[in-house]
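Understanding the architecture of this molecule
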Amino acid sequence: MLTIELFLEQSLNGLQQGVMLFLMAAGLTLVFGIMSLINLAHGSLYMVGAYVAASVTQATDSFVIGILAALGAAGVTGMLLEYSVLRRLYNRDHLDQVLATFGMILFFNELVKILWGPQALFLSTPELLTGTLEFIPGAPYPSYRLFIIAAGLLVALLLRHLIINTRVGMLIRAGATHREMVGALGVNIDRLYTIVFGIGAMLAGLAGALAGPMLAIEVGMGEKILILTFVVIIIGGIGSVRGALVGALLVGMVDTYGRAFLPSIMRQLMEPSAADSVAASMSSVAIYVLMAAVLIWKPRGLFQAYGG
Amino acid sequence: MEAKGPFPGIRGIGQMMFLNKLLSVNPNGRTKAVVITGLLLLLLLPFLAALLDDPFLVDIASRILIYALVAVSLDLILGYGGMVSFGHGAFFGLGAYVVGILTHHSYEGTTIAFLPGDWEGTTQAFIQWPLAMIVSGILALMVGALSLRTSGVYFIMITLAFAQMLYFLMISIPTYGGEDGLNIWERSEVPFLDLYDSQTFYYTCLVLLLLCLWVCKRLVKSRFGMVLQGCRQNETRMKALGYPVYRYKLTAFVISGMIAGLAGALSANHTEFVGPGLMHWTRSGEIMVMVILGGMGSLFGAVLGAASLLMMEEVLSGLTEHWMIFLGPILVVVVLFARKGLYGLLVGKGADNG
Amino acid sequence: MADPILEVISLTKCFGAIAASDGLTFSVERGTIHALIGPNGAGKSTAIAQLSGELSSDTGRVRFDGQDVTRWPVDKRARTGLQRSYQITSLLPEFTAEDNVAMAIQSQQGHSFRFWEDARRDQSLRVPAQKILERVGLKGFADRPVTSLAHGQQRQLELAMVLATAPTMLLLDEPMAGMGQSESLQMMELLRPLRGDITMLLVEHDMDVVFALADVVTVLVKGQALATGTPDEIRANPDVRRAYLGDY
């Protein structure tokens, strides 16, 4: 039964998921575009953000402090990672990067298990945001999700400001399209890379912290979102933050609509038990089909940022 | 499967002694020596196990052989063809599922719904295993046909995406266990052989592995193999020479998928279970780790890598519950500093490039 | 009797606002050595890339040996006999010199879906490979890994590979690049006898080479063909002198 309210509600869900994916994708695409580094451990930073947010919020009873702690933890972890391991991978081929960062995933998963134990953690939604807002008349929508949408869009705006209006941003744009030139211009490349990586790590940590109240915080949560994030940046175009936003919203919408509406659509076509199975498979693969379709049309993604 | 008894340590010491002797031989002789030593070890393993009074050793070794097989199949396209396929688990898992589904229906006496006719499956290995290879091969054909139109990171992502699609597909099919997987109540039947017997099963796996190694060795040295290697070294140049590169890579991809399917069939028998986890991208990652750890582009390295990784897991998991925390950094160290892998270290300059 | 083996018709290729090829039109006669010269940025390398198939043109047509090859991929053109050599050496780095030439020969011997025999022991590949290596002066270097060869020797190997494919027409993008005087002369002596059997389109900066080898010269300026003629005609052409040659 497709009503306007249902459609709008799902659209907001899609928007919220899209915004979360954007937070993850922005960092990943910048790192990939500028340093040409495939970093599978990006999902681990998300996981770190979630775990730290949960623990600190529980300890201090303040979600705000929890988020700040998550940002800090993810940022520091990211920069340490960059300094110790990732730095040596910039000149290696992608296979080496994939393997080494895969090793990092294994390490972080186990580390988290040691520090926090194997059971899942839960983070409750901050009191202020537990209610609903009647954003759409007749369909109250969870305030917390609206908060995420707002936070995500704010970050997008801040990022845009950073990239367009600041010196660091200019270097980022230049670095995404002309890596060697930026180095030749005498800019401290090492520091630029560390900063870029740090920004990406913090965004991932923020995503993890924000996701906390909505999911089970457990080992392996990073990998789930990592794949989606890669799909997003492939669709959006590697190295392009604008592409990351468009790709993230696209993926978020397609995934949400798929899960929400495919079962009912399938039920029109076949009997219920088969319909549900088929719908479940179809919605899982929907975004991959989307990725394949985009790549056929534009082999380098929608907004290709870096040459070649 | 937990490590049992002191045998890992003893094997380790034995290997150290061999290593010392090995490293003093000249490079060309080294390759032969390493291979022959390995072969002898594998052939005599069940007797060693009897000597050490450790029956589990054979089981673990069978597992190593199975993963060695799938690692060899990946090395074919990765080490020789330069195709970084992050979805190899899909072919492995699918081969296992073919055996699982056929056995399931045979055991339950039900017809297979999605196939024409009234087939109730079978437990005959001579039907199951080739079918597993064919089905995996067909999947490889479809995946490869689309994926090989891309390159670089896009190729990696697309192969990964396909594996994930298959993973989600299997999870959503409740008839075959869904997320919990399917138990396999009967092992495949082979005339005159009892696959329930650990030793028989071990030697079956060994024979198949050696057969595939032999075939692959000839493959990589043949005209086809040379083209494949050329594509890895300089694809642009190969195209400029007039080679329709796509066709050769696709063929290699399909062959590789078929071998992985065979390994999957063996795995289904070994663990008497199939689950979607076999197709998860992290499984593909593990297989890739084996190839790299052992040394890619040598086929024997893949065997060595599978053995090393699985043995490391056995040994480390006996020491601490959190042994996984060492695996990550070890992998990083290998990638950064020992890129040629174990085979490269053992054989040095003697490592053949074909 | 005009028998153009290659016809370039109004080829255009733009990179953003820059037109690297701007309605480029010229033809190459069978069996000649045809040089393409012009100042830096005139679009010579872009032209070669479009002719070999590595770059797709925006508009225009390329006709080779009577067929319209404009939309053909690189390997298809190569199989038809249109081959190129590279300005920056492009070899198969992990193979030996002999392996490299053997791969070129193999490409001419039908398909390579042969899975069983050891290719390195295949005399139908090795013997011709050794002969060609000898012809280009690399006789003793057959078993050397390519990376151990000097730059000039690598260029010779490039040529060997190209000869091994027995092309109908060769696109040579600065074949003497990075070579010393004697090596350049050697290369010229290798290319000269090919005239008649193989048509060559040669991009070169070295005017001595151009005037020594070429039958016909086309001058490229800003993506267009400014003039085509014999070396003497070109040398005397006032437009060309103004645009490019100065007082050569």
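Let me begin by describing the structure that accompanies this report. (Residues numbered from 1 in each chain as written. Chains lettered and ligands numbered in written order. Predicted model: local features only at pLDDT ≥ 70, side-chain atom pairs only at ≥ 80, totals over all residues. Heavy atoms only, no water.)

To continue, consider the sheet that holds strand E8 (residues 199-203) of chain C. All names here are of chain C. Here six strands make up an open sheet; going across it, the order is E6-E7-E8-E3-E9-E10 and the pairing mixed. At either end of the open sheet lies a strand with only one pairing partner, and these are strand E6 (82-85) and strand E10 (224-229). Geometrically, the sheet is characterised by an average inter-axis angle of 20° between neighbouring strands, direction not taken into account. Two elements, strand E3 (residues 33-37) and strand E9 (residues 216-221), share four bridges in a ladder whose sense is parallel. By the bridge assignment, Leu36 is partnered in E9 with Thr218. This element, helix H1 (residues 44-52), spans E3, E6, strand E7 (169-173), E8 and E9 of the sheet and lies at about 150° to E7. (Pairing = 2+ DSSP bridges. Helix = DSSP H or I, 4+ residues; strand = E, 2+ residues; numbered from the N terminus. Axes fitted to C-alpha atoms, helices over the stretch in contact; angles between N-to-C directions. Contact = heavy atoms within 4.5 Å.)

As a further point, take the pairing of E7(C). Residue and element names in this part refer to chain C. For E7, the tally of buried residues reaches five of five residues, placing the bulk of the element in the interior. On E7, burial covers both faces: Met169, Leu171 and Asp173 on one face and Leu170 and Leu172 on the other are all buried. Relative to E7, E6 runs parallel, the two sharing four bridges. Following the sheet pairing, Arg84 is matched in E7 by Leu171. Two elements, E7 and E8, share five bridges in a ladder whose sense is parallel. Pairing of Leu170 across the sheet is with Met200, part of E8. One crossover worth recording links E7 to the parallel E8 by way of helix H6 (residues 181-191), and it is right-handed. (Buried < 20%, exposed > 50% of the residue type's maximum accessible area, 1.4 Å probe, protein only. Right-handed = clockwise from strand over helix to strand, strands pointing away.)

Our focus in this paragraph is the packing of helix H3 (residues 56-80) of chain B against helix H10 (residues 245-271) of chain B. All names here are of chain B. Where H3 meets H10, the closest approach of the two axes is 8 Å, and the angle between their N-to-C directions is 170°. Considered as vectors, H3 and H10 are oriented roughly antiparallel to each other. The crossing of H3 and H10 is left-handed. Contact residues: Asp59, Ser62, Arg63, Ile66, Leu69, Val70, Ser73, Leu74, Leu76 and Ile77 in H3; Ala252, Phe253, Ile255, Ser256, Ile259, Ala260, Leu262, Ala263, Leu266, Ser267 and His270 in H10. Its residues placed into classes, the contact of H3 with H10 shows 14 nonpolar, five polar and two charged. (Parallel < 35°, antiparallel > 145°, perpendicular 65-115°, else oblique. Left-handed = near helix turned anticlockwise from the far one by under 90°. Nonpolar A, V, L, I, M, F, W, Y, C, P; charged D, E, K, R; others polar.)

With that out of the way, let us pick up the sheet that holds strand E4 (residues 59-64) of chain C. All names here are of chain C. Sheet architecture is open: four strands sit in the order E2-E1-E4-E5, paired in antiparallel fashion. At either margin of the open sheet sits one strand with a lone partner, and together these are strand E2 (18-29) and strand E5 (67-68). Across nine bridges, the pairing between strand E1 (residues 4-15) and E2 is antiparallel. Within E2, the residue paired with Glu7 across the bridge is Ser27.

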